[in-house]
Amino acid sequence: MDALHAATPAREFRRGMKDCLPIIIGLLPFALILGVQGAQKGMSVLEMPLMTGLNFAGGSEFAAVGLWQKPLPVLLIVGVTFMINTRHILMGAAFAPYIRHLLPRRLFPALFLMTDESWAMAMADIRRRKEAGLPAFSLHYYMGVSLTLYVVWVAASAAGAAVGPVLGDVSAWGFGMAFPAVFLVLLRGMWKGWKPALPWFASLAAAAVAYRAAGGAWYVPAGAAAGLLTAFFTASEDES
């Protein structure tokens, strides 16, 4: 807490960089795998960082690579990408009270760089700052987290695309556990008790049912809708 009170913009930025290092350990192999898979689908070393740099959202990037073929199904890729990224609407809504004061020149880059990991870390930091009696949102901390994740993700995916043609089936390497492990760590840091976590469990249950019943990417909006409805009704109960 003392470090938060004594922080300068430069220290806040460095604190964000430092805090996201454990997350990078989990993201790095996934970025490399994404690049390798893209290269094996025919994406060039230039196309891969262009995609990851312009659509900074790992889940939809894996979906796009999975659909990548010739001729390129542009409308299908755009539709699936939009469907998977609908979760950012809910994330942005939760984030809005803390960033609405920002000028557009700062707000838009902050929103562009928002990912599951940077959003979760920012929300956890907001809680810490509130407990310390400080202004809730630290833009410099958030940008330290977000820019570090962005640079590492784009660079690692490009590196994966560069070495992809000489590698075999990377899905057999066992890196599939990295993403779930990262999100479990993020959720643990945001844990406030069973009742506040009810939207998480509702979202998980709805996503699992939708995945088994409908397949495709429908589990993403199904989970998001279930979590939002559960949060709305549980909040209404608390207010009554």
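Rules of the game
- Residues numbered from 1 in each chain as written.
- Predicted model: local features only at pLDDT ≥ 70, side-chain atom pairs only at ≥ 80, totals over all residues.
- Heavy atoms only, no water.
- Helix = DSSP H or I, 4+ residues; strand = E, 2+ residues; numbered from the N terminus.
- Buried < 20%, exposed > 50% of the residue type's maximum accessible area, 1.4 Å probe, protein only.
- Contact = heavy atoms within 4.5 Å.
- Expected span 1.5 Å × (residues − 1).
- Bend = angle between axes of the 7 residues up to and from the residue.
- Core = buried A, V, L, I, M, F, W, Y, C linked by side-chain atoms within 4.5 Å.
- Phe/Tyr/Trp six-rings, centres within 6.5 Å; stacked < 30°, edge-to-face > 60°.
- UniProt positions renumbered as here; feature names shortened; annotations may be inferred.
- Axes fitted to C-alpha atoms, helices over the stretch in contact; angles between N-to-C directions.
- Parallel < 35°, antiparallel > 145°, perpendicular 65-115°, else oblique.
- Left-handed = near helix turned anticlockwise from the far one by under 90°.
- Nonpolar A, V, L, I, M, F, W, Y, C, P; charged D, E, K, R; others polar.

Moving on to the overall build of the protein chain. Across its full length, the protein chain holds 13 helices and 0 strands. Starting at the N terminus and walking to the C terminus, you meet the elements of the protein chain as α-α-α-α-α-α-α-α-α-α-α-α-α. With 240 residues in all, the protein chain has 44% of them scored as buried. The contacts of the protein chain with a sequence gap of at least 6 include a subset with a gap of at least 24, amounting to 77%.

For helix α3 (residues 21-40), which comprises 20 residues, the first-to-last C-alpha distance of 29 Å matches the rise-based estimate of 28 Å (1.5 Å per residue) to within 8%. By the largest-angle criterion, Leu27 marks the main kink of α3, which is about 35°, and a proline, Pro29, follows within four residues. At the C-terminal side of α3, Gly42 shows a positive phi close to 105°.

Before going further, it helps to examine the nonpolar core. Judged by nonpolar contacts, the single largest core of 23 residues is most densely connected at Met48, Leu149 and Trp153. Secondary-structure elements contributing two or more residues to this core are α3, α4 (47-54), α5 (58-67) and α10 (139-163). Element by element, the count of residues in this core is highest for α3, at 7 residues. Leave out the neighbours within four places in its chain, and Met48 touches Leu34, Gly35, Gly38, Met43, Val65, Ser157, Ala158 and Ala161. Ala110, Trp119, Phe137 and Tyr142 belong to the second-largest nonpolar core, a separate cluster that totals 18 residues.

The next subject is helix α7 (residues 87-99). With 13 residues, α7 extends 18 Å between its outermost C-alpha atoms, agreeing within 8% with the 18 Å of an ideal straight helix rising 1.5 Å per residue. Along α7, the sharpest kink reaches roughly 30°, centred on Ala93 and followed within four residues by the proline Pro97. By the burial criterion, the buried members of α7 are Arg87, His88, Met91, Gly92, Phe95 and Ile99. Summarising the contacts, the buried residues of α7 are in contact with α6 (74-84), α8 (104-112), α9 (116-131) and α10.

This brings us to the packing of aromatic side chains. All chains considered together, the criterion is met by 6 aromatic pairs. Aromatic pair Phe30 and Phe62: ring centres 5.7 Å apart, planes at 75°, arrangement edge-to-face. Here Phe30, found in helix α3, pairs with Phe62, found in helix α5; they are 32 residues apart in sequence, far enough to count as distant. According to the relative accessible area criterion, Phe30 is buried, its value standing at 12%. Summarising the aromatic geometry, the rings of Phe56 and Tyr150 are spaced 5.0 Å apart at their centres and angled 80° between planes, so their arrangement reads as edge-to-face. In this pair, Phe56 is assigned in the loop between α4 and α5 and Tyr150 in helix α10, connecting sequence segments 94 residues apart.

Here we take up the UniProt feature "transmembrane region" (unreviewed entry) in the protein chain. According to UniProt, the "transmembrane region" (unreviewed entry) feature falls on residues 20-39, 74-99, 139-164, 170-187 and 194-211. With 95% helix and 0% strand, the stretch residues 20-39 has end C-alpha atoms that lie 28 Å from each other. Overall, residues 139-164 shows 96% helix and 0% strand. The separation of its end C-alpha atoms is 36 Å.

Structurally, Val145 can be placed in helix α10. Its relative accessible area of 1% is what places Val145 among the buried residues. Excluding its chain neighbours within four sequence positions, the residues that come into contact with Val145 are Gly16, Met17, Cys20, Ser118 and Met121.

The geometry of a pair of packed helices is captured by two quantities: the angle between their axes and the separation between those axes. Between α8 and α10, the shortest axis-to-axis distance is 10 Å and the interhelical angle comes to 45°. What the angle tells us is that α8 and α10 run oblique. The two elements α8 and α10 meet at a crossing, and its hand is left-handed. Residue-level inspection shows Arg106, Ala110 and Phe112 of α8 in contact with α10, the latter providing Leu139, Tyr142, Met143 and Tyr150. In the contact of α8 with α10, the residues fall into 6 nonpolar, no polar and 1 charged.

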